[in-house]
Protein chains: 2
Amino acid sequence: MNTLETLGQAAKQGARALLTATTEQKNEALLAIAKALSENCDYILEENEKDLEAARQNGMATSMLDRLALSKERIEGMAQGVKEVSELPDPVGKVLSDTVRPNGLHIQKVSVPLGVIAVIFEARPNVTSDAASLCLKSGNAVILRGGKEAIHSNKAIASVMQKALEGTALPSACIGFVEDTSRESANALMRLNEYVDVLIPRGGRNLIRATVENATVPVIETGVGNCHIYVDKDANLEMARDIVFNAKTSRVSVCNAAESLLVHKDIAEKALPMLYEALKEKDVILYGDARAKAILPQIEAATKADFATEYLDYKMSVAIVDSLDEAISHIYKYSTGHSDCIVTDNDAAAKRFLQEVDSAAVYHNASTRFTDGGCFGFGAEIGISTQKLHARGPLGLPQLTSFKYQISGNGQRRV
Amino acid sequence: MNTLETLGQAAKQGARALLTATTEQKNEALLAIAKALSENCDYILEENEKDLEAARQNGMATSMLDRLALSKERIEGMAQGVKEVSELPDPVGKVLSDTVRPNGLHIQKVSVPLGVIAVIFEARPNVTSDAASLCLKSGNAVILRGGKEAIHSNKAIASVMQKALEGTALPSACIGFVEDTSRESANALMRLNEYVDVLIPRGGRNLIRATVENATVPVIETGVGNCHIYVDKDANLEMARDIVFNAKTSRVSVCNAAESLLVHKDIAEKALPMLYEALKEKDVILYGDARAKAILPQIEAATKADFATEYLDYKMSVAIVDSLDEAISHIYKYSTGHSDCIVTDNDAAAKRFLQEVDSAAVYHNASTRFTDGGCFGFGAEIGISTQKLHARGPLGLPQLTSFKYQISGNGQRRV
């Protein structure tokens, strides 16, 4: 039996123990983890330094080094995050429906953990404790598999968390950690159907694509956001300018940042220069279609590919549309189903946009940057789903549960 | 562009039209379909005869021929089924939550269609109209791909339904039909990510396995049921006998039939002969572990594989367990997560069983045969999910929806 199989088996046993864990036991375990992270700060920093050293030798870019680097403050932040998860309501054991059938069968639909959640992630080591705490609070065992750049940091954090569980009611097998960072180990985890109930990939396009392509376990696709803002003919242009500026530039590297701008032809002559001026402040490069370029000759020419691109950069595509219908059709064609926005003072147009645009979050007169577990009031999130199965948008604690039917009878048989 | 791609594109356009279809429009379309099925009864029977002729020439077994054969009554039954779906409540457009955030953002979580649902099915031609009507009522376009044995029947039914839509508000592209019954066409449909939001396979183990193995689109696994009945030491033995008899023999070919019997050691001497006598009436063959065979030497010896087998036949595995814990562990190991039952008069034991057995439906003192959309009061079902993502148990109309967040603001930007 290989290591991953052993990990899977242990996690499944952990998941079984979690099925009967009380809210108090789960919260105690989370507080023990938070305490252990603080107390083992020096050890985690030492291990993090090994990753940083290797990264510097490999010539990692400064921005990436910054994402990888931990500090006392960041580790305290991780511990604080775990504590906050302990304070969120327990999503398990909720009676979602309760019926008595004509034959007397009493059917209760009750929220239950998913079981074993595998999380494959890249980038920042704090995902290790974020993901583990959300999974535990929702009664799930977790198998964590981070990237090789952060292997020492992730391993240190995972082992601190596992040891912290030893003094609690939850077995340390509730947190599994895959030390092998080869592509093979990721692929094998994606096919560990006997033990993994759900796989959540957290990372860039390539990770998501590889997961969709290779996984045989159920997957929640996350994260790719080609988000649109449509400035309607009835828009308040100052509001449009401020929303576009915020959605594009407040943080360019995140999936809820706007990537594409659609402007109604009737107001384009006035709106486009205003938008251009605002975005220029942050040196945003605009890629426009022919009609946008006719108004703003100084911008770049967009190719078709631009309209399908999630830049994650100070870049934005822009097109002029003849109507609300054309805007919706454009979004239907190019959107990744993450977050799309209409700016308008016309309620009928807003209503149509909210109904017809088929994305996880559809906005009227607000920045797409709000698609986030915290902003939605979920307290925390493990990612943002862009698929329609199971859950869309921010994946908070309730989205990490399933349900079952508990049925009580007095001898009923089916005729 | 190949045929499947064309079908996918058309279905996606159909799905877009369905996003704005009213309940009335959907119901009118369903009634038009029901009417058309009745009116085109002769044509459908002619086409069905082609399938039957081919099946007879290929030496198809009588029981299979019976599943394939249509009749005036069966077609009327299909039409009636479509009518009944039109009478069910519309699952789309329900406000699932409604919050105003401190910054004034108004966030509504609203149920929406999944989009395009692909259904790959085997066996009976009535699935064609059952699946299509459930998908349409829940606002989804459907792509149907049946087996080659029923190709003429399925194609006739699909074309009657498509033509019926022509006179309604719904485009006929809402129902797609894959004429190619090769394995390649099924595999290609499983990977049509650009157009298919969800794939539901309806069929036997091999179809489900092939789907899980090959699909890159999100899948709802259905149907495999290795269902257990545990007769506790505190069981009412007459009730246990009647439940086991019903769950095993009332219909052996279905996924909610019981396949495995666990009996507490303290009552095994008395219970096993009673159960054996009852099951003998239907010539059920028992496969027992060593301890069961010690009590009933006349039964077959079980191998380990027996306990993992969904017989779908007049066969049942049987084991003696020392405790409720051992019963739960056995089920945790062998169950496919479909339906499992405890028979007991001990409420504490029942409560533990209902909580700890990790299956879609867990029963106390009732037959596992009730795991069914009709019996649960859902009106109809498109299959029974055995996975935990998205939906478990019978897939009724609400399970064929997703949700989105509709967010209204007055210029909010994220700081």
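Bear in mind the structure is a predicted one, so any value in this text is a computation, not a measurement.

Participant: Would you mind going over the pairing of strand S2 (residues 106–113) of chain B with me for this structure?
Facilitator: Residues in a regular strand project their side chains so that they alternate between the two faces of the sheet. Residue and element names in this part refer to chain B. The element S2 is extensively covered by neighbouring structure, given that 6 of its 8 residues are classed as buried. Pairing analysis gives 5 bridges linking strand S1 (residues 95–100) to S2, with the strands arranged antiparallel. By the bridge assignment, Ser97 is partnered in S2 with Lys109. In sequence, S1 turns back onto S2 through a hairpin of 5 residues, with Gly104 there showing a positive phi of about 90°. Note: S2 against strand S16 (residues 401–412), 8 bridges, orientation antiparallel.

Participant: Would you mind showing me how to read the sheet that holds strand S16 (residues 401–412) of chain A here?
Facilitator: Within a sheet, each strand pairs with its neighbour through backbone hydrogen bonds, oriented either parallel or antiparallel. Taking strand neighbours across the sheet as the criterion, the 10 strands line up as S1(A)-S2(A)-S16(A)-S13(B)-S12(B)-S7(B)-S8(B)-S11(B)-S9(B)-S10(B) in an open arrangement whose pairing is mixed. Unpaired on one side and paired on the other, strand S1 (95–100) of chain A together with strand S10 (300–301) of chain B mark the two borders of the sheet. Pairing of strand S9 (residues 285–288) of chain B with strand S11 (residues 315–321) of chain B, which is carried by 4 bridges, proceeds in the parallel orientation. Looking at the pairing, Gly288(B) lines up with Val318(B) of S11(B). Set on the sheet, helix H10 (residues 237–249) of chain B makes contact with S16 of chain A together with strand S7 (227–231), strand S8 (258–264), S11, strand S12 (339–343) and strand S13 (361–366) of chain B; between it and S7(B) the angle comes to about 170°. Contacting S16 of chain A together with S7, S12 and S13 of chain B, helix H15 (residues 347–356) of chain B runs over the sheet at an angle of about 145° to S16(A).

Participant: In this structure, what is going on with the sheet that holds strand S3 (residues 116–121) of chain B? I would like to understand it.
Facilitator: Residues and elements named next belong to chain B. Strand order in the open sheet formed by 4 strands is S5-S4-S3-S6, with parallel pairing between adjacent strands. In the strand order of this sheet, the two ends are held by strand S5 (175–177) and strand S6 (198–202), each with one partner. For this sheet, the mean angle separating the axes of adjacent strands, direction not counted, is 20°. Of the pairings in the sheet, the one linking S3 to S6 comprises 5 bridges and is parallel in character. Of the residues in S6, the one forming a bridge with Ile117 is Val198. The strands touched by helix H1 (residues 3–19) are S3, strand S4 (141–145) and S5; relative to S4, the strand with the most contacts, the crossing angle is about 145°.

Participant: It is not clear to me how the packing of aromatic side chains should be interpreted in this structure. Could you clarify?
Facilitator: For any pair of aromatic rings, geometry is given as the distance between the ring centres together with the angle between the planes. In total, this model carries 14 aromatic pairs over all chains according to the counting rule given. With 5.6 Å between their ring centres and 20° between their planes, Tyr287(A) and Tyr311(A) make a pair best called stacked. Pair noted here: Tyr287(A) is in strand S9 (residues 285–288) and Tyr311(A) is in the loop between helix H13 (304–307) and strand S11 (315–321), with a separation of 24 residues, a long-range link. The buried category is assigned to Tyr287(A), whose relative accessible area is 15%. Measuring from ring centre to ring centre gives 5.6 Å for Phe403(B) and Tyr405(B), while their planes differ by 80°; the resulting arrangement is edge-to-face. There is no split in this pair, since Phe403(B) and Tyr405(B) are both buried. The rings of Phe376(A), Phe378(A), Phe403(B) and Tyr405(B) are connected pair by pair, giving a single aromatic cluster. Between the NZ or CZ atom of Lys12(B) and the centre of the ring of Tyr332(A), over which it lies, the distance is 5.2 Å. When the ring centre of Phe403(B) is taken as reference, the NZ or CZ atom of Lys109(B) above it lies at 4.3 Å.

Participant: Quick question: what am I supposed to make of the confidence of the model for chain A here?
Facilitator: Parts of the model with low pLDDT should not have their predicted coordinates read in detail. Per-residue pLDDT for chain A averages 95, and the proportion of residues at 70 or more is 100%. Model confidence for the complex: the whole-complex pTM is 0.93, and ipTM, which rates the interface, is 0.94.

Participant: Help me out: how do you make sense of the relation of the copies chain A and chain B in this one?
Facilitator: Taken together, a rotation about one axis and a shift along it account for how the two chain copies relate. The transform that puts chain A on chain B rotates by 180° and translates by 0.0 Å along the axis, for an RMSD of 0.0 Å. The superposition operator between the copies reduces to a two-fold rotation axis. It is His390(A) whose C-alpha, among those of chain A, lies nearest the rotation axis, at 1.8 Å. Mapped onto chain B, 100% of the interface residues of chain A are again interface residues, and the two copies thus contact each other with one and the same surface.

Participant: Just checking my understanding: could you explain the interface of chain A and chain B for this structure?
Facilitator: Frequently, the measure chosen for interface size is the accessible area that the parts lose on association. In this assembly, 79 residues from chain A lie in contact with 79 residues from chain B. Contact between chain A and chain B buries roughly 6,600 Å² in total, counting both sides, with carbon and sulfur atoms accounting for 53%. The interface formed by chain A and chain B holds 6 salt bridges in total. In this structure, Asp197(A) and Lys388(B) form a salt bridge, with 3.4 Å as the shortest nitrogen-oxygen distance. Scanning the region where chain A abuts chain B turns up 49 residue pairs in polar contact (both at pLDDT 80 or more). Top element by residues in the side of chain A that touches chain B is S16(A). It accounts for 11 residues. Grouping the constituent residues of the side of chain A that touches chain B by class yields 34 nonpolar, 27 polar and 18 charged.

Participant: Help me understand the packing of helix H1 (residues 3–19) of chain A against helix H14 (residues 324–334) of chain B in this model?
Facilitator: The description of two helices packed together rests on the angle between their axes and the distance between the axes. H14(B) packs onto H1(A) with a crossing angle of 130° between their chain directions and a minimal axis gap of 13 Å. The orientation of H1(A) with respect to H14(B), classified from their angle, is oblique. The handedness of the crossing between H1(A) and H14(B) is right-handed. The residues of H14(B) that touch H1(A), namely those facing Lys12(A), Ala15(A), Arg16(A) and Leu19(A), are Asp325(B), Ile328(B), Ser329(B) and Tyr332(B). Here the residues of the contact of H1(A) with H14(B) sort into 4 nonpolar, 1 polar and 3 charged.

Participant: Whenever I open this one, the environment of Arg145(A) confuses me. Can you help?
Facilitator: Residue and element names in this part refer to chain A. If you trace the backbone, Arg145 turns up in strand S4 (residues 141–145). Note on Arg145: relative accessible area 7%, which makes it buried. Between the C-alpha atoms of Arg145 and Ile120, which are 25 residues apart in sequence, the distance is 4.8 Å. Leave out the neighbours within four places in its chain, and Arg145 touches Val119, Ile120, Phe121, Val178, Asp180, Thr181, Ser182, Arg183, Ser185, Ala186 and Leu189. Among the polar contacts listed, one links the side chain of Arg145 to the backbone oxygen of Thr181, at a separation of 2.8 Å.

Participant: For this particular structure, what's the right way to read unusual backbone geometry?
Facilitator: Excluding glycine, a negative phi dihedral is what most residues carry, and trans is how most peptide bonds are arranged. Backbone geometry places Asn365(A), a non-glycine residue, at a positive phi of 60°. With respect to the helices and strands, the residue Asn365(A) is situated in strand S13 (residues 361–366). With relative accessibility at 5%, the residue Asn365(A) sits in the buried group. Of note in the backbone geometry, His390(B) takes a positive phi value of approximately 75° without being a glycine. Given a relative accessible area of 14%, His390(B) falls into the buried group.

Cut-offs and rules
- Residues numbered from 1 in each chain as written.
- Chains lettered and ligands numbered in written order.
- Predicted model: local features only at pLDDT ≥ 70, side-chain atom pairs only at ≥ 80, totals over all residues.
- Heavy atoms only, no water.
- Buried < 20%, exposed > 50% of the residue type's maximum accessible area, 1.4 Å probe, protein only.
- Helix = DSSP H or I, 4+ residues; strand = E, 2+ residues; numbered from the N terminus.
- Pairing = 2+ DSSP bridges.
- Contact = heavy atoms within 4.5 Å.
- Axes fitted to C-alpha atoms, helices over the stretch in contact; angles between N-to-C directions.
- Phe/Tyr/Trp six-rings, centres within 6.5 Å; stacked < 30°, edge-to-face > 60°.
- Lys NZ or Arg CZ within 6 Å of the ring centre and 35° of its normal.
- pLDDT = per-residue confidence, 0-100.
- Least-squares fit on C-alpha atoms with pLDDT ≥ 70 in both.
- Buried area = accessible area lost by both parts, 1.4 Å probe.
- Salt bridge = Lys/Arg side-chain N within 4 Å of Asp/Glu carboxyl O.
- Polar contact = N/O pair within 3.5 Å; in protein donor to acceptor, adjacent residues only side chain to side chain.
- Nonpolar A, V, L, I, M, F, W, Y, C, P; charged D, E, K, R; others polar.
- Parallel < 35°, antiparallel > 145°, perpendicular 65-115°, else oblique.
- Left-handed = near helix turned anticlockwise from the far one by under 90°.

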